[in-house]
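In case you want the letters, here they are:
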Amino acid sequence: MAPSLLGGFTKSLAMTVLSEIGDKTFFAAAILAMRHPRKLVLSGCLSALIVMTALSACLGWAAPNLISRKWTHHVTTLLFFGFGIWSLWEGFKEDGDSEELAEVEAELDAAFKSNKGEPKNKSKANEDTKKQQRPFLMQFFSPIFIKAFSITFFGEWGDKSQIATIGLAADENPFGVVLGGIIAQALCTTAAVLGGKSLASQISEKMVELSSGVLFLLFGIMSLLSGPEGEL
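As annotated in an unreviewed UniProt entry, the protein chain carries the name GDT1 family protein and is attributed to Urochloa decumbens. Per its UniProt entry, the protein chain bears the Sequence similarities (unreviewed entry) comment "Belongs to the GDT1 family." The Subcellular location (unreviewed entry) comment attached to the protein chain in UniProt states, word for word, "Membrane".

Shown next as structure tokens:
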């Protein structure tokens, strides 16, 4: 029996929301939105997350074509259990303070100050030369868009949510996984950009980690009870 669209959608939606709330990229979007136009930050962050979700789902979709669905199913089940235990462990270690928010803010502050420290007394000729030497993409997109996109994209690369999306797409309907992931990313990123640092500082990383750990374990149990063909 083919994996259902609804199953992939609901699992991806729930997993992505709990993985992204309180994540580094969530905090980065909140802080960037305080310093730059929200529309540019939202479009940059969201574009990166959509591209990352689609790429991850494509990798997961291709996996059963490279190895048998039976093995991809077993690997996915192990990933769910592994991430579940990892998240619970991280949750129990958390003291409730948003250390990750402070870490991300410090990194962005350092980058912001370094850019702000550049000489301001540049001649118009030098500025025109700099514009001409600007990379190809920068001529079409705002530097703020590129900054938000790159910070989010590389921040998500190799993250727990990306690997989980690959595993989920290998075992579920990839279109459902992409759709659920994109909607969840849009909700989380919009909340971060509109809510700003005040919302980010109120998020309990401990509760997020514990909730995502329980969810991953639940997915692992469901995957274990169902066979490689998705039948319970």
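Student: What is the right way to look at the side chain of Glu 156 in this model?
Tutor: Considering the arrangement of structural elements, one finds Glu 156 in helix α7 (residues 143-156). In terms of polar contacts, Glu 156 uses its side chain to reach the side chain of Thr 25, at 3.0 Å. What Glu 156 contacts, discounting residues up to four positions off in sequence, is Glu 20, Asp 23, Thr 25, Leu 49, Met 52, Ser 161 and Gln 162.

Student: Help me understand the nonpolar core, please; the structure alone is not making it clear to me.
Tutor: One broad rule of soluble globular proteins: the nonpolar side chains tend to lie buried together. With 12 residues, the main nonpolar core is built from Phe 26, Phe 27, Ala 29, Ala 30, Leu 32, Ala 33, Val 41, Cys 45, Ala 148, Cys 188, Ala 192 and Val 193. Taken together, the elements giving at least two residues each to this core come down to α2 (24-35), α3 (38-66) and α9 (174-201). A total of 6 residues in this core trace back to one element, the largest contributor, which is α2. Counting 11 residues, the second-largest nonpolar core is a separate cluster that includes Met 15, Phe 80, Val 177 and Leu 215.

Student: Help me understand a nonpolar patch on the surface in this model?
Tutor: Together, Val 51, Leu 55 and Trp 157 make up a nonpolar patch on the protein surface, roughly 290 Å² of accessible area in all. Residue classification places Val 51 among the partly exposed residues on the basis of a relative accessible area of 35%.

Student: Would you mind showing me how to read the side chain of Ser 12 here?
Tutor: Counting through the fold element by element, Ser 12 comes out in helix α1 (residues 5-20). Residue Ser 12 is classed as buried on the basis of its relative accessible area of 1%.

Student: Help me out: how do you make sense of the environment of Leu 32 in this one?
Tutor: As for its position among the elements, Leu 32 is in helix α2. Residue classification places Leu 32 among the buried residues on the basis of a relative accessible area of 3%.

Student: In this structure, what is going on with the packing of α3 against α7? I would like to understand it.
Tutor: Two quantities define a packed helix pair, namely the angle between the helix axes and the distance between the axes. Where α3 meets α7, the axes come as close as 7 Å, and the angle between the chain directions of the two elements is 35°. As α3 packs across α7, the resulting crossing turns out to be right-handed. For the pair formed by α3 and α7, the contact residues are Leu 40, Val 41, Ser 43, Gly 44, Cys 45, Ser 47, Ala 48, Leu 49, Val 51, Met 52 and Leu 55 on the first element and Ile 144, Phe 145, Ala 148, Phe 149, Thr 152, Phe 153 and Glu 156 on the second. Looking at the contact of α3 with α7, its residues break down into 13 nonpolar, 4 polar and 1 charged.

Student: Please explain helix α4 (residues 69-93) as it appears in this structure.
Tutor: An α-helical segment advances 3.6 residues per turn. Residues three or four places apart therefore align on the same side. For α4, built from 25 residues, the straight-helix expectation of 36 Å at 1.5 Å per residue is met to within 8% by its first-to-last C-alpha distance of 36 Å. In the core, the buried residues of α4 are packed alongside α3, α8 (160-171) and α10 (205-225).

Student: Just to check I follow, could you spell out the UniProt feature "transmembrane region" (unreviewed entry) in the protein chain for this structure?
Tutor: The UniProt feature table records "transmembrane region" (unreviewed entry) at residues 40-63, 136-155, 175-195 and 207-226. Structurally, residues 207-226 comprises 95% helix and 0% strand, and the distance from its first C-alpha atom to its last is 29 Å.

Calculation notes
Residues numbered from 1 in each chain as written. Predicted model: local features only at pLDDT ≥ 70, side-chain atom pairs only at ≥ 80, totals over all residues. Heavy atoms only, no water. UniProt positions renumbered as here; feature names shortened; annotations may be inferred. Helix = DSSP H or I, 4+ residues; strand = E, 2+ residues; numbered from the N terminus. Polar contact = N/O pair within 3.5 Å; in protein donor to acceptor, adjacent residues only side chain to side chain. Contact = heavy atoms within 4.5 Å. Core = buried A, V, L, I, M, F, W, Y, C linked by side-chain atoms within 4.5 Å. Buried < 20%, exposed > 50% of the residue type's maximum accessible area, 1.4 Å probe, protein only. Patch = residues over 30% accessible without salt bridge, like charges linked within 9 Å, V, L, I, M, F, W, Y side chains within 5 Å. Areas by Shrake-Rupley, 256 points an atom, 1.4 Å probe, with all protein chains shown as cover. Salt bridge = Lys/Arg side-chain N within 4 Å of Asp/Glu carboxyl O. Axes fitted to C-alpha atoms, helices over the stretch in contact; angles between N-to-C directions. Left-handed = near helix turned anticlockwise from the far one by under 90°. Nonpolar A, V, L, I, M, F, W, Y, C, P; charged D, E, K, R; others polar. Expected span 1.5 Å × (residues − 1).

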